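# Architecture at a glance
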Amino acid sequence: MNEVEIINLTRCDWEELEELEKYIQFVLSYEKLEHVLFNVILVDDPYIHKINLEYRGIDRPTDVITFALEDEKEVQAQDIRVLGDIYISVDRVVSQAKEYGHSRKRELFFLVTHGIYHLLGYDHMTKEEEKVMFDKQEKVLEAYGITRK
């Protein structure tokens, strides 16, 4: 059994949030993951800006930041994989959906997917890594029926 907690630290009450848990469980099933635990924390730009500055030294807001706990050898549970936390800026969801010309739902689900793959150890520091990670993201989004428009 997978345990995912969605923590909304904003006043955002989008209808998309009602489907988010179902989508996350779909991604985990798609990847054949069982017994994982992680949090998705919805924040605003000032909140994620502070995290970005403190932990990455980047003085601006960003769309998603992950803290992968499996990288830490001392963080292990016998029966469950504790993956970590995904922080998503709802402000970035709105602005990037407009910028890219697709729905807020598509942007939110993309960022959650992106965060999940980061927690699973994927990255996009090189062109090769980026291709692998972004191909996986697009495939799972398409399998769920989320398109760019």
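Check the entry above for the structure.
These notes cover the structure that comes with them.

Reading guide: rules and limits
Residues numbered from 1 in each chain as written. Predicted model: local features only at pLDDT ≥ 70, side-chain atom pairs only at ≥ 80, totals over all residues. Heavy atoms only, no water. 1 Å grid on protein atoms, 1.4 Å probe; cavity = no way out; pocket = protein on both sides within 12 Å on 5 of 7 lines; lining within 4 Å. Points joined across faces, edges and corners; volume = space filled by probe spheres on them. Helix = DSSP H or I, 4+ residues; strand = E, 2+ residues; numbered from the N terminus. Nonpolar A, V, L, I, M, F, W, Y, C, P; charged D, E, K, R; others polar. Buried < 20%, exposed > 50% of the residue type's maximum accessible area, 1.4 Å probe, protein only. Expected span 1.5 Å × (residues − 1). Contact = heavy atoms within 4.5 Å. Arc of directions from axis to C-beta. Pairing = 2+ DSSP bridges. Axes fitted to C-alpha atoms, helices over the stretch in contact; angles between N-to-C directions. Salt bridge = Lys/Arg side-chain N within 4 Å of Asp/Glu carboxyl O.

Turning next to the layout of surface pockets. Approximately 470 Å³ is the volume found for the largest pocket. Of the residues forming the lining of the largest pocket, the biggest block, five residues, is contributed by strand S3 (residues 64–68). The wall of the second largest pocket is formed by Asp63, Gln96, Tyr100, His102, Arg106, Glu107, Phe110, Leu111, Phe134, Glu138 and Arg148. Going through the elements one at a time, helix H3 (90–100), helix H4 (104–119) and helix H5 (127–144) are the ones with two or more residues in the lining of the second largest pocket. If one sorts the elements of the lining of the second largest pocket by residue count, H4 sits on top with four residues. When its residues are assigned to classes, the lining of the second largest pocket shows four nonpolar, two polar and five charged.

So, about unusual backbone geometry. In the Ramachandran plot, Lys32 falls in the positive-phi region, its phi being about 55° despite a non-glycine side chain. The topology assignment puts Lys32 in the loop between helix H1 (16–30) and strand S2 (36–43). With relative accessibility at 72%, the residue Lys32 sits in the exposed group. Despite not being glycine, His35 shows a phi value in the positive range, around 60°.

Under the 1.5 Å per step criterion, the end-to-end length of H1 is 20 Å for 15 residues, consistent within 8% with the ideal 21 Å. All of the buried residues in H1 are Glu16, Leu17, Leu20, Tyr23, Ile24, Val27 and Leu28. Looking at the buried side of H1, the elements it contacts are strand S1 (3–8), S2, H4 and H5. Phi turns positive, to about 55°, at Lys32, one or two residues after H1.

Let us look at helix H2 (residues 45–56). With 12 residues, H2 extends 15 Å between its outermost C-alpha atoms, agreeing within 8% with the 16 Å of an ideal straight helix rising 1.5 Å per residue. For H2, the full list of buried residues reads Asp45, Ile48, Ile51 and Asn52. Seen along its axis, H2 keeps its buried residues to an arc of 125°; they face one direction. Within H2, the exposed residues directed more than 90 degrees away from the buried face are Pro46, Lys50 and Glu54.

Glancing now at the sheet that holds S2. Taken in spatial order, the four strands of this open sheet run S1-S2-S4-S3, and their pairing is mixed. Whereas interior strands pair on both sides, the edge strands pair on one side only; in this sheet they are S1 and S3. On average, each strand axis in the sheet is inclined to that of its neighbour by 15°, with strand direction left out of account. Here S1 pairs with S2 via six bridges, running parallel.

Bringing the side chain of Asp45 into the picture now. Note on placement: Asp45 falls in helix H2. In this view, Asp45 contacts Pro61, Ser89, Asp91 and Arg92; residues no more than four positions away in its chain are not counted.

With that settled, the discussion passes to the pattern of salt bridges. Under the criterion given, the structure shown has six salt bridges. The partner of Lys131 in a salt bridge is Asp135, with the nearest N and O atoms 2.8 Å apart. Here the residue Lys131 and the residue Asp135 both occupy positions in helix H5, the gap between them amounting to four residues, near one helical turn. Relative accessible area serves as the criterion here: at 53%, Lys131 is assigned to the exposed category.

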